[in-house]
Amino acid sequence: MIRKANGQNLRITANAQVGSTFACASETILGSVTLPPDFLSSGAIITVRNSCTKSSTSSPFTYKLYFNTTANITGALQLGTFSAGVGDFSPNIYRRFVFTNTTTARGLASTFSTSNDVGDVVGATVATFTFTNWLVGGGVFFVTGFRGSGTDTLQLINISLEV
Amino acid sequence: MISKVKGIEYNPPRTVGDTTGYTGVTTERVVNSLLIPGGSLKQYDLLGIDSRLRKVGTVGTATIRIRIGTAVNTSQQLVATYTATNSTGTLIPIMRRLSINNLTNSTYAPSVTTSNAWDHAGPTISWQNITTINWANDQYIIITSQCTNSADTVYCPYIITDFIQGS
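Residues numbered from 1 in each chain as written. Chains lettered and ligands numbered in written order. Predicted model: local features only at pLDDT ≥ 70, side-chain atom pairs only at ≥ 80, totals over all residues.

**Details of the overall build of chain A**
Here's step 1: A count of helical and extended segments in chain A gives one helix and 12 strands.
Here's step 2: Here the C-alpha atoms of chain A give a radius of gyration of 15 Å, agreeing with the 15 Å that 2.2 N^0.38 yields for 163 residues.
Here's step 3: Overall size of chain A, expressed as C-alpha extent along the three principal axes, is 45 × 35 × 30 Å.
Here's step 4: Within chain A, buried positions represent 44% of all 163 residues. (Helix = DSSP H or I, 4+ residues; strand = E, 2+ residues; numbered from the N terminus. Rg over C-alpha atoms; globule rule 2.2 N^0.38 Å. Buried ≥ 20, exposed ≤ 12 C-beta atoms within 10 Å, placed from the backbone.)

Okay, here's the thing in C-alpha cells:
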C-alpha cells in the first residue's frame, strides 16, 4: 500500500482491486485508504481521489468522503460529497487538503456537492476540518455510497491518498 | 527531469521536450511514445498517464489518443480519447489513471472511445475493462494525433507517467 522509491515512502494508496458490489440501500462503506501514524507533517498537501462504477441508469447516489480512526461512519469527519445523478456511471470524489497543523486541515466545504475541486467550482467555500490527533495518530479515509432510489449498484474501482 | 521529494529521487518513465512537428495528413498518426518495461507494474497498482498536444494553426480541430501495446503504431489497444471542442483549442490535454486489476488481462479505464480530457471531469463516462494489455511484458505508451485539417501542425511536449504501488 505504500509507494516507495529507493526504500523511502513517497506516497500511499489503497489499491486498484475492483471492489465488491454494493446495493447501498443504506449508507455503505465502499472502500478505504489508511493514513499511517506520523506519516505526514504539518504543512502537508494531500490528494484523496477515488472512482466507482455504477451498474445502470435507474438510481441516483449520494457519495461521501470521510476520515475516522477506523473505517466506521459513526463519529467520522465528513470531508466531501457528490450527488451523482442517474446518468453518472463513474461517480468520483477528488479533493485536496492542506494541513495547517497536525490536527487541522483546510479544503473545500464538506457539504458542497461536486466530484472534484479543480476548476470552476463556483459558489464553494473553504472549510477547516479538525480531527483529534489526526496526523500523529493516523486513521482511515473512506468513501460511502447511499442509493436514493432504483436498483443500481456501486463498485469501487480505485482509491488513493497521495502526497 | 527527475523529481525529488525531500531529496529522494522518483523517476517514472517520461519523455523530455517537444517532438518534431507533424503536419500534412488527416489520418491518425503516432507523435510520441515511451516504454514501460515488463514487470514495472504489479497487480492493484495505479498507472497515471499525462500528455498533451500543442497545435500550431487553427484551421481544424485535433484529437489526442492514448494507445498501449507491444509496438509503436496506431493499431495498438486504444486506452483514451479526447477531441478539442473547437479549432482554436491549441493545447489539447489528456490525463488518465488506469487501475491494474490483473497484471496480464484486466486494466480498468474510463470508456476508451468517449472524448474526455481528464477522468475526474467526466462522471457520466462508464468504466471499461481492457483485457488485452499484459504488464508482465514490455508495453509502449503511445500518443497519437489526428487533425481534421492537414494544414495544422501538432507537437507533443511530454508524456509523464505516475506509478502508485498498490497493496
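**A short note on the overall build of chain B**
Here's step 1: Within chain B, the regular secondary structure consists of zero helices and 11 strands.
Here's step 2: The C-alpha radius of gyration computed for chain B amounts to 16 Å, which stays within 12% of the reference 15 Å derived for 167 residues, consistent with globular compactness.
Here's step 3: Seen through its C-alpha atoms, chain B measures out along the principal axes to roughly 50 × 35 × 30 Å.
Here's step 4: Within the span of chain B, comprising 167 residues, buried residues form 39% of the whole.

**Overview of the nonpolar core**
As a rule of thumb, soluble globular proteins bury nonpolar side chains together.
Here's step 1: Formed by 70 residues in total, the largest nonpolar core has its most connected members in Phe141 of chain A together with Ile66 and Ile141 of chain B.
Here's step 2: Discounting chain neighbours no more than four positions away, the residues touching Phe141 of chain A are Ser32, Val33, Leu35, Val48, Leu65, Phe67 and Leu161 of chain A. (Core = buried A, V, L, I, M, F, W, Y, C linked by C-beta atoms within 7 Å. Contact = placed C-beta atoms within 7 Å.)

**Observations regarding the pairing of strand 6 (residues 61-68) of chain A**
Residues and elements named next belong to chain A.
Here's step 1: When you tally the buried positions in strand 6, you get six out of eight residues, the bulk of the element.
Here's step 2: Bridge count for strand 6 against strand 7 (residues 77-84) is seven bridges, and the pairing is antiparallel. Across the sheet, the residue bridging to Tyr66 is Gln78, located in strand 7. (Pairing = 2+ DSSP bridges.)

**Here's the deal with the pairing of strand 10 (residues 139-147) of chain B**
Residue and element names in this part refer to chain B.
Here's step 1: In terms of residue burial, strand 10 counts as a mostly covered element, since eight of its nine residues are buried.
Here's step 2: In terms of strand pairing, strand 3 (residues 29-36) meets strand 10 through seven bridges, oriented antiparallel. Counterpart to Asn32 in the pairing with strand 10 is Ile143.
Here's step 3: Bridging between strand 5 (residues 62-69) and strand 10 involves eight bridges; their strand directions are antiparallel. In the strand pairing of strand 10, Ile68 is matched with Ile141.

**Some points on the sheet that holds strand 11 (residues 153-164) of chain B**
All names here are of chain B.
Here's step 1: The antiparallel open sheet is built from five strands, whose spatial order is 9-8-7-4-11. Every other strand in the sheet has two partners, leaving strand 9 (127-130) and strand 11 as the edge strands with one partner each. Each adjacent strand pair in this sheet contributes to an overall mean axis angle of 25°, direction not counted. (Axes fitted to C-alpha atoms, helices over the stretch in contact; angles between N-to-C directions.)

**Comments concerning the confidence of the model for chain A**
Here's step 1: For chain A, mean pLDDT is 88; residues scoring 70 or higher make up 91% of the total.
Here's step 2: Within chain A, the element-level pLDDT minimum falls on strand 1 (residues 2-5) of chain A, averaging 42, and the maximum on strand 6 of chain A, averaging 97. (pLDDT = per-residue confidence, 0-100.)

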